[in-house]
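Now for the letters of each chain:
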Amino acid sequence: MKIQEADAKSLLLAHGLPVPSWEVARTAGEARAAAERALTAGAERVVIKAQVLVGGRGKAGGVKLAASADEAERVAGAILGMDIKGITVRKVLVAAAADIVAEFYLAATIDRHAKRVLLLGSAEGGVEIEAVAAEHPEAIVAIHAHPYLGLLDGEARRLAFDMGLGGHWKAAASIARGLYRTMVAFDADLVEINPLAIVRERGPDGAIAERLVCLDAKITLDDSALPRHPELEALRDLDEENPADAAARAEGITFIKLDGTIGCMVNGAGLAMTTMDLVKRAGGEPANFLDIGGGARSERVAAAMRLILEDPKVTAILVNIFGGITRGDEVARGLIEARAQQTRDVPMIVRIVGTNALEAAQLLHEARFVTAASLDEAATKAVGAAAAGAAA
Ligand code: GDP
Ligand code: MN
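Note that this is a predicted model, so its numbers are computed, not measured.

A. Highlighting the sheet that holds strand β4 (residues 63-66). In spatial order, the strands read β2-β7-β3-β4; together these four strands make up an open sheet with antiparallel pairing. Bordering the open sheet on either side are β2 (23-25) and β4, each of which pairs with just one other strand. Sheet twist, expressed as the average angle between the axes of neighbouring strands with direction ignored, equals 25°. In this sheet, β4 lies alongside strand β3 (residues 46-50) in antiparallel orientation, the contact comprising four bridges. Across the sheet, residue Val47 finds its bridge partner in β4, namely Leu65.

Structure representation (structure tokens):
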């Protein structure tokens, strides 16, 4: 699950990382009020940033500076409602603009191959790290954290020096360790600060000093670990969740949309993968990965069918159920119910084995469903039906 910059910054603050304060505004008027507060508190300018779950907002025109409350209102008005990579901006972050001296990159991510958290740092901050990795891989410093010991102080310092943050090594090392702690505490997949910036600030004594701060923050949480952090569920941005994903989540269905034409409804992740493989071997392309889970009742089957049929590219549906806890007759009832409500006539091939397979076969036969005895047969029939549908 991706979370907005403002929420990511709250999680970083909770772990003691230096993040300049901000407000979130949903209207130009709110942005104006927030800007007035920042300007009154001494800021020379404010920065207004689109809160959308995509990167490259700056390049897309979603990050702008303003020198007065009037200008802030105007700029926020222009950013709100803007389309950034297909997403409509519904809120903006407003903060005192930082006086940036240099921009760095620092992130914690998971190296699945090494089975460790990987810290990545670079002096080439502000730009997309993928571009740096492609053009100057030597400009990226990487260090693995030990799963039990965590990121050690010496390692964090080493990272800071190798990134060229020598003058700020103490703060940089502490930030690197903070990123690691944030990553582990919230079961994140990614905690990325880009830019981690050296900024010039006027202290309470009036003197100008440099400080290292997290100017941008991106956190991706591990969906499978969310049950361990029920409080993080509140950070899900429903404005940006696509309706199919929301419906699948509400029904307890694992659904991932793909590009093919054959809708697949399967119980169990392994069986779903196998089914997709066999569809491909039979010459077809799966339209989705869909796992209805264990013990699925007929309502959930019907919901899964609706999800599949919402994809206009689907020209055939393959249902492959291995009854264990899931009862074949329940699934059959769900399919019959779903077909009765179906708005689009798409051929469906059903294979149900295991618990109550005979009852299922009886029900499906009475309802004149096309069935298959083996998975190979089911895949071949589905691919044939999809091709016939495409030709028609
Ligand atoms: P992204 O483009 O979505 O990654 O958004 P960022 O928050 O990283 O902002 C993009 C760029 O805008 C940064 O790399 C900075 O160069 C610039 N920027 C962001 N915040 C400020 C700020 O407070 N002051 C100044 N001067 N520039 C900023
Ligand atoms: Mn950024």
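B. Fine view of the environment of His229. Relative to the assigned elements, His229 resides in the loop between β13 (218-221) and α7 (243-251). When its relative accessible area of 9% is taken as the criterion, His229 is described as buried. As a C-alpha pair, His229 and Phe186 span 43 residues in sequence and 7.2 Å in three-dimensional space. Every residue in contact with His229, bar those within four places of it in the chain, is listed here: Ala185, Phe186 and Asp187.

C. Geometry of the pairing of strand β10 (residues 140-144). Alternating residues of β10 divide into Val141 and Ile143, all buried, and Ile140, Ala142 and His144, none buried. Pairing of strand β9 (residues 116-122) with β10, which is carried by five bridges, proceeds in the antiparallel orientation. Within the sheet, the bridge partner assigned to Leu118 lies in β10 and is His144.

D. Fine view of the pattern of salt bridges. Within this structure, the stated rule accounts for 28 salt bridges. A salt bridge links Asp216 to Arg57; the nearest nitrogen and oxygen atoms lie 3.0 Å apart. With Asp216 in the loop between β12 (208-214) and β13 and Arg57 in the loop between β3 and β4, this pair connects stretches of sequence that are 159 residues apart. The burial state of Asp216 is the same as that of Arg57; both residues are buried. Salt bridges sharing partners connect three or more residues here, namely Glu5, Lys9, Lys49, Arg57 and Asp216.

E. Up close: the layout of surface pockets. Its boundaries defined by the atoms lining it, the largest pocket holds a volume of some 1,200 Å³. For the largest pocket, the lining is made up of 50 residues, of which Arg57, Gly126, Asn194, Pro195 and Asp216 are closest to its centre. Split by residue class, the lining of the largest pocket holds 26 nonpolar, nine polar and 15 charged. Both domains that meet at the lining of the largest pocket, namely domain 1 (1-20 + 100-239) and domain 2 (21-97), each give it at least three residues.

F. Structural detail: the domain arrangement of the protein chain. What the domain assignment reports for the protein chain is domain 1 (1-20 + 100-239), domain 2 (21-97) and domain 3 (243-391). Each of domain 1 and domain 3 has a C-alpha centre, and the two are 42 Å apart.

G. A look at the coordination of the manganese ion (ligand 2). The protein atoms that coordinate the manganese ion (ligand 2) are Asn194 (O) and Asp216 (OD), at distances of 2.1 to 2.2 Å. Residue Asn194 is located in strand β11 (residues 188-202), and its partner Asp216 is located in the loop between β12 and β13; the two are separated by 22 residues in the primary sequence. For the pair Asn194 and Asp216, a shared accessibility class is recorded, and that class is buried.

H. Quick look at the site of ligand 1. Around ligand 1, 15 residues are found, and the nearest of them are Lys49, Arg57, Gly58, Ala98 and Glu103. Ala98 places a polar main-chain atom, nitrogen or oxygen, 2.8 Å from an oxygen atom of ligand 1. Between Asn194 and ligand 1, the recorded distance is 3.1 Å, taken from a backbone N or O atom to an oxygen atom. More than half of the atoms of ligand 1 fall within 2 Å of the grid points belonging to the largest pocket. Of all the secondary-structure elements, those providing two or more residues to the shell around ligand 1 are β3, β4, β8 (99-111) and β11. Residues of the shell around ligand 1, tallied by class, amount to seven nonpolar, four polar and four charged. Here the shell around ligand 1 gathers at least three residues from each of two domains, domain 1 (1-20 + 100-239) and domain 2 (21-97).

I. Fine view of the packing of aromatic side chains. Inspection of every chain in the model, using the stated rule, returns one aromatic pair. A centroid spacing of 6.2 Å and a plane angle of 20° characterise the contact between Phe161 and Trp169, whose relative ring orientation is stacked. A relative accessible area of 44% means that Phe161 is categorised as partly exposed. Assessed through its relative accessible area of 29%, Trp169 is described here as partly exposed. A cation over an aromatic ring shows up here: Arg339 above the ring of Phe369, its NZ or CZ 4.0 Å from the ring centre.

J. Quick look at the nonpolar core. By size, the foremost hydrophobic cluster in this structure holds 47 residues, and its most contacted members are Leu12, Leu196, Ile219 and Leu221. Per-element tally for this core: the top contributor is helix α6 (residues 169-185), with seven residues. Mapping this core onto the domain boundaries places at least three of its residues in each of domain 1 (1-20 + 100-239) and domain 2 (21-97). Leave out the neighbours within four places in its chain, and Leu221 touches Met1, Ile3, Phe186, Asp187, Ala188, Asp189, Leu226 and Leu232. One finds Ala296, Ala302, Ala304 and Ala338 within the second-largest nonpolar core, a separate group that totals 33 residues.

K. A look at the side chain of Ser122. Mapping Ser122 onto the fold places it in strand β9. Looking at Ser122, its side chain comes within polar contact range of the main-chain nitrogen of Glu124, at 3.0 Å. At a separation of 2.8 Å, a polar atom in the side chain of Ser122 contacts the main-chain carbonyl oxygen of Ala139. When residues no more than four places from it in sequence are discounted, the contact partners of Ser122 are Phe104, Tyr105, Ile129, Val132, Ala139, Ile140 and Met163.

About the thresholds
- Residues numbered from 1 in each chain as written.
- Chains lettered and ligands numbered in written order.
- Predicted model: local features only at pLDDT ≥ 70, side-chain atom pairs only at ≥ 80, totals over all residues.
- Heavy atoms only, no water.
- Pairing = 2+ DSSP bridges.
- Helix = DSSP H or I, 4+ residues; strand = E, 2+ residues; numbered from the N terminus.
- Axes fitted to C-alpha atoms, helices over the stretch in contact; angles between N-to-C directions.
- Buried < 20%, exposed > 50% of the residue type's maximum accessible area, 1.4 Å probe, protein only.
- Contact = heavy atoms within 4.5 Å.
- Salt bridge = Lys/Arg side-chain N within 4 Å of Asp/Glu carboxyl O.
- 1 Å grid on protein atoms, 1.4 Å probe; cavity = no way out; pocket = protein on both sides within 12 Å on 5 of 7 lines; lining within 4 Å.
- Points joined across faces, edges and corners; volume = space filled by probe spheres on them.
- Nonpolar A, V, L, I, M, F, W, Y, C, P; charged D, E, K, R; others polar.
- Domains from an automatic or database assignment.
- Donors = N, O, S within 2.8 Å, 3.2 Å for Na, K, Ca; no water.
- Near = heavy atom within 4 Å.
- Polar contact = N/O pair within 3.5 Å; in protein donor to acceptor, adjacent residues only side chain to side chain.
- Sits in = over half its atoms within 2 Å of the grid points.
- Phe/Tyr/Trp six-rings, centres within 6.5 Å; stacked < 30°, edge-to-face > 60°.
- Lys NZ or Arg CZ within 6 Å of the ring centre and 35° of its normal.
- Core = buried A, V, L, I, M, F, W, Y, C linked by side-chain atoms within 4.5 Å.

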